[in-house]
Every structure is written in structure tokens, then in C-alpha cells.
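Here is what each chain is made of, one letter per residue.
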Amino acid sequence: MNQSEQRTKSWYMMTVVGKDRPGIVARLTQALFEGGCNLGETSMTRLGGNFTIMMMVESDAESTRLQGLVGPVADALALHVHIDSIQARLHEHTEPNVQISLYGADRAGIVAEVTGVLAEAGLNILDLNSEVAGTGDKPVYIMMIDGYAEGGIEALKSVLERLKARGIEATLTPIATLVG
Amino acid sequence: MAVLEVVSYPDERLKRVSDPVVQFDEALQSFVADLEQTMRASPGAVGIAAPQVGRLQRIVIVDVSSVINRNRTKEQQNSSSNGCMILINPEIARAEGRVVGREGCLSVPDFTGNVARAAAISLTAFDPAGRRHEYRCKGFEARAVQHEADHLDGLLFLDRLVSPRELFRRKIYRSI
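Residues numbered from 1 in each chain as written. Chains lettered and ligands numbered in written order. Predicted model: local features only at pLDDT ≥ 70, side-chain atom pairs only at ≥ 80, totals over all residues. Heavy atoms only, no water.

Colleague: Mind laying out the overall build of chain A, listing which residues take part and the relevant values?
Modeller: The helix and strand inventory of chain A stands at 4 helices and 9 strands. Starting at the N terminus and ending at the C terminus, chain A contains elements arranged as β-α-β-β-α-β-β-α-β-β-α-β-β. For 180 residues, the compact-globule formula gives about 16 Å, and the C-alpha radius of gyration of chain A, at 20 Å, lies well above that figure. Overall size of chain A, expressed as C-alpha extent along the three principal axes, is 60 × 45 × 30 Å. Of all intrachain contacts in chain A linking residues separated by at least 6 positions in sequence, the fraction that spans at least 24 positions is 71%. Accessible area for chain A stands at about 10,000 Å²; split by element, carbon and sulfur atoms hold 50% of it. (Helix = DSSP H or I, 4+ residues; strand = E, 2+ residues; numbered from the N terminus. Rg over C-alpha atoms; globule rule 2.2 N^0.38 Å. Contact = heavy atoms within 4.5 Å. Areas by Shrake-Rupley, 256 points an atom, 1.4 Å probe, with all protein chains shown as cover.)

What follows is the structure, encoded as C-alpha cells:
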């Protein structure tokens with residue numbers, strides 16, 4: 001590593017949302033690359049037809065300069081950019097030991113209810129995605145969770161029974177990772 | 001015996017096709033002993049393939065017996081157990097069914113992902129003395145054999161990842 005590479009780099013979380021169209025990721029990441037940034041883990045998805053992405057960005061620049069790097073792309077594509085300074089580490093993944101899928105007729109409070117009882121039973125959620133399926137007059141709420149059950153799987157099973165009594169179907173699948 | 005150094009991606013040897021073993025001699029037996037010791041020294045490992053220690057020969061070891069006794073998942077409950085299988089020049093003759101499960105790899109640290117594998121396989125392989133055997137494997141053991149056999153063709157589980165979101169979605173929509 002030469003002298004110029006020894007400037008302190010820090011991590012930022014860059015969140016970008018806007019109307020979806022092809023090529024957004026390519027243009028954003030090219031601008032960051034040209035501005036000397038490194039990317040860490042990222043998550044992009046479409047929510048309700050909107051483009052959303054969260055990116056770990058490593059840079060020796062201040063957040064205002066990061067904003068400036070992606071500014072032209074954001075302006076051209078009408079994207080909103082939000083940047084936070086974060087503490088971050090790579091290469092320290094927690095392995096999930098359980099996968100839970102849930103669904104039920106959509107109603108207000110369903111996510112709070114489900115995640116509340118799961119948290120009580122010792123589940124640390126590592127990954128969560130949810131969707132509203134069905135039709136406008138009969139919406140179905142679907143959640144997909146990867147987590148780490150601190151207190152083992154049994155405690156979770158009993159709370160899932162409780163959810164079932166309240167009209168939420170749940171399937172719990174233990175994860176055993178093969179290492180070879 | 002010795003614990004060998006496990007190579008990790010992007011070491012190019014992991015992407016190469018290994019050669020069949022032609023000499024079933026003492027050198028082979030000594031290497032197999034080292035390979036097994038290397039597997040046992042790696043926490044949680046249920047298999048290992050020769051290219052993972054940089055040797056491009058068609059040799060794998062699979063032993064799921066320590067794991068399937070825990071019976072945590074359906075795939076483990078349904079698993080066969082042939083004990084410690086030393087598989088030289090393995091050929092998977094038949095494969096049936098398709099199951100998605102989570103895999104990691106000694107040669108790919110800090111990442112695991114979902115991979116679809118055949119639920120049951122039958123295979124032939126030679127032992128270190130050059131005798132030919134037939135095996136039937138299912139469940140977790142079948143997954144382990146397929147994962148290790150892939151190494152002999154330069155394939156990692158990273159070559160076979162499936163999107164958990166898509167699979168989950170299909171599974172749920174089927175049950176609604």
C-alpha cells in the first residue's frame with residue numbers, strides 16, 4: 001500500500017429511491033467507482049414498483065462529496081439519495097438457523113404482531129422481505145424471514161401456534177448448513 | 001498424517017477439472033489419510049474434495065454421521081448414512097428429486113447460500129485399494145456427495161445458487 005492509499009476510509013450507508021427504470025444500478029455504481037469509492041454489501045429491490053437500494057460505500061470523502069459524486073445521476077433520473085455515516089464490518093456474517101414464512105389476510109398491524117411475538121420468543125431477524133399479494137379487495141400479506149433463534153427452535157414453534165389461532169399461517173424450517 | 005492447507009477461491013485450481021486416479025498405491029492411501037485428517041480438523045465439515053487442498057485428482061471424502069444424528073432438518077432426518085465414504089473416481093449414475101438446502105464451503109469463507117440438489121442419488125466409486133463400490137445416498141448425505149463431486153469438475157456451490165426469495169415465493173403461493 002502506498003502513502004496515498006493510507007488516508008482513512010470510512011463506511012457510509014447510501015440509500016437511493018425513485019421511479020424504477022433499467023440501468024440505475026449501473027449508473028450509480030459507475031459514478032461511485034469513478035469517485036474512488038468501494039462498495040460493500042448491497043440490497044436492491046423494487047417495492048411497489050419503486051426502485052430502492054441500500055449500499056455500503058467505503059470512501060475517504062466526506063458525505064457531502066459522496067452526495068456530489070452521485071448528484072448528476074440522481075438529478076438525471078429523479079432519484080432521492082440519503083447518506084449516513086456508519087460503523088461497519090465485513091466478513092462477520094451471522095448464519096441463520098431458521099427460516100420462517102408466514103401469510104394471512106392483510107390487516108393493519110400484522111407485521112408488528114408477527115415480529116413482536118417472534119422477538120419475544122428470542123428470534124433475531126437477519127433478513128426479512130414481505131409482499132402484498134392477492135387482489136385489491138382480498139389482499140394477502142406474505143412475509144419471508146431468515147433469523148437466528150437465540151433460544152432454540154421450540155420456543156418459536158409455540159408462538160407460531162398462537163399466530164395460527166389469529167389467522168396467520170406460518171411454516172418454520174430449521175436451517176442446517178452443509179459445510180464441505 | 002498431516003492437516004493440509006485448504007485453498008480458497010479465487011485460487012484457480014478450484015475452477016479446474018480434476019484427473020481420474022489411475023494408481024491405487026501407497027502414495028494415494030497416504031494422501032487420502034491426510035485429506036481425511038484435514039476434513040476432521042475443519043469445524044463442521046462433512047466432506048472435502050482433493051482440489052480443495054490443491055490436488056487435482058478425483059478424490060472426495062464424505063462423512064455426515066456426526067451431523068445427521070442431530071436430526072435438525074427434514075433433509076437430515078431423511079438422510080442415509082454410509083459412514084465415512086472415501087470416493088475415488090466417483091460417478092453419479094442416477095439422480096432423483098430436487099431439494100433446496102443451505103450450503104457453505106471450506107473454500108468460500110463467510111458466505112452460505114441456497115442450492116438445489118437431487119434428493120437421492122446412486123453412485124459408483126473406487127476405494128483407496130482400487131475396489132469398486134456402489135452406494136445409494138439420500139437427503140443430507142446425497143447433498144454432501146453432490147457438493148464434493150462438483151469440486152472435481154471445477155464447480156463451487158456459488159455456481160448453483162438459487163434465489164431464496166423466488167423459491168420462498170413459489171412455495172408460499174403454492175400453499176395459498
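Anyway, onward from the coordinates.
Colleague: Give me the lowdown on the overall build of chain B, citing residues and values where you can.
Modeller: On a plain count of helices and strands, chain B comes out with 5 helices and 7 strands. Written out in order from the N terminus, the α and β elements of chain B read α-β-β-α-α-β-β-β-β-β-α-α. Taken over the C-alpha trace, chain B has a radius of gyration of 16 Å; the compact-globule value for 176 residues is 16 Å, and the two agree within 12%. Dimensions of chain B, computed from the C-alpha atoms along their principal axes, are close to 60 × 35 × 30 Å. The buried share of chain B, taken over its 176 residues, is 50%. (Buried < 20%, exposed > 50% of the residue type's maximum accessible area, 1.4 Å probe, protein only.)

Colleague: Requested: an account of the packing of aromatic side chains, with residues and values cited.
Modeller: The relation between two aromatic rings is expressed through the spacing of the ring centres and the mutual angle of the planes. Residues and elements named next belong to chain B. Within the structure shown, the criterion is met by 2 aromatic pairs over all chains. Measuring from centroid to centroid gives 5.9 Å for Phe24 and Phe126, while their planes differ by 50 degrees, and the two rings are tilted. With Phe24 in the segment before helix 1 (26-40) and Phe126 in strand 6 (residues 120-126), the pair connects residues that are 102 residues apart, well separated along the chain. Taking relative accessible area as the criterion, Phe24 reaches 28% and is therefore assigned partly exposed. (Phe/Tyr/Trp six-rings, centres within 6.5 Å; stacked < 30°, edge-to-face > 60°.)

Colleague: I'd love a proper account of the side chain of Glu148(B), names of residues and values included.
Modeller: With respect to the element layout, Glu148(B) can be found in helix 4 (residues 139-152). It turns out Glu148(B) is buried and unbridged, and the closest side chain with the opposite charge, Arg117(B), is 8.4 Å from it. (Lys, Arg positive; Asp, Glu negative; His and termini not counted. Salt bridge = Lys/Arg side-chain N within 4 Å of Asp/Glu carboxyl O.)

Colleague: An account of the sheet that holds strand 6 (residues 123-134) of chain A is needed here, citing residue identities and associated values.
Modeller: Residue and element names in this part refer to chain A. Reading across from one edge, 6-7-5-8 is the order of the 4 strands in this open sheet, with antiparallel pairing throughout. Both edges of this open sheet fall to strand 6 and strand 8 (169-174), since each of them pairs with a single strand only. Averaged over all pairs of adjacent strands, the angle between strand axes in this sheet comes to 15 degrees, irrespective of strand direction. Of the pairings in the sheet, the one linking strand 6 to strand 7 (residues 139-149) comprises 11 bridges and is antiparallel in character. Considered in strand 7, the bridge of Ser130 is made with Met143. (Pairing = 2+ DSSP bridges. Axes fitted to C-alpha atoms, helices over the stretch in contact; angles between N-to-C directions.)

Colleague: Tell me about the interface of chain A and chain B, and name the residues and values.
Modeller: Taken together, the 28 residues of chain A in the interface contact 30 residues of chain B. For the pair chain A and chain B, the two sides together bury roughly 2,400 Å², of which 57% comes from carbon and sulfur. When the area that chain A buries against chain B is broken down by residue, the three leading residues are Leu178(A), Val179(A) and Gly180(A), summing to 29%. Run the count over chain A and chain B and you get 2 salt bridges. (Buried area = accessible area lost by both parts, 1.4 Å probe.)

Colleague: Can you tell me about the packing of helix 1 (residues 24-34) of chain A against helix 2 (residues 63-77) of chain A, naming the residues and giving the values?
Modeller: Two measures define how a pair of helices packs: the angle their axes make with one another and the distance between the axes. Residue and element names in this part refer to chain A. Following both chains from N to C, one finds helix 1 and helix 2 inclined at 155 degrees, their axes separated by 9 Å at the closest point. Here helix 1 is positioned roughly antiparallel relative to helix 2, judged by the angle of their axes. Between helix 1 and helix 2 the crossing geometry is right-handed. Contacts between helix 1 and helix 2 involve Ile24, Arg27, Leu28, Ala31 and Leu32 from the first element and Leu66, Leu69, Val70, Val73, Ala76 and Leu77 from the second. (Parallel < 35°, antiparallel > 145°, perpendicular 65-115°, else oblique. Left-handed = near helix turned anticlockwise from the far one by under 90°.)

Colleague: Explain the domain arrangement of chain A to me, and be specific about the residues and the numbers.
Modeller: Examined at the domain level, chain A breaks down into domain 1 (9-86) and domain 2 (98-174). Between the C-alpha centres of domain 1 of chain A and domain 2 of chain A the distance comes to 31 Å. (Domains from an automatic or database assignment.)

Colleague: Which residues make up the sheet that holds strand 4 (residues 79-86) of chain A, and what are the values?
Modeller: Residue and element names in this part refer to chain A. Reading across from one edge, 2-3-1-4 is the order of the 4 strands in this open sheet, with antiparallel pairing throughout. Edge positions in the sheet fall to strand 2 (38-47) and strand 4, since each of these pairs with one other strand and no more. Each strand axis lies, on average, 15 degrees off the axis of its neighbour in the sheet, ignoring direction. Sheet topology note: the strand 2/strand 3 (residues 50-59) ladder contains 8 bridges and is antiparallel. Bridge pairing in strand 3 places Thr45 opposite Thr52. Against the sheet, helix 1 makes contact with strand 1 (10-19), strand 2, strand 3 and strand 4, and its axis sits at roughly 20 degrees relative to strand 3, the strand it touches most.

Colleague: Break down a nonpolar patch on the surface for me, with residues and values.
Modeller: On the surface, a cluster of nonpolar side chains totalling about 230 Å² of accessible area is made up of Phe111(B), Leu158(B) and Leu161(B). Position of Leu161(B) relative to the elements: it lies in the loop between helix 4 and helix 5 (164-175). (Patch = residues over 30% accessible without salt bridge, like charges linked within 9 Å, V, L, I, M, F, W, Y side chains within 5 Å.)

Colleague: Tell me about the pairing of strand 3 (residues 85-96) of chain B, and name the residues and values.
Modeller: All names here are of chain B. Note: strand 2 (residues 59-62) against strand 3, 4 bridges, orientation antiparallel. Each bridged residue has a counterpart across the sheet, and for Ile59 the counterpart in strand 3 is Ile88. Both strand 3 and strand 6 contribute to a ladder of 6 bridges, which runs antiparallel. Considered in strand 6, the bridge of Ala95 is made with Ile121.

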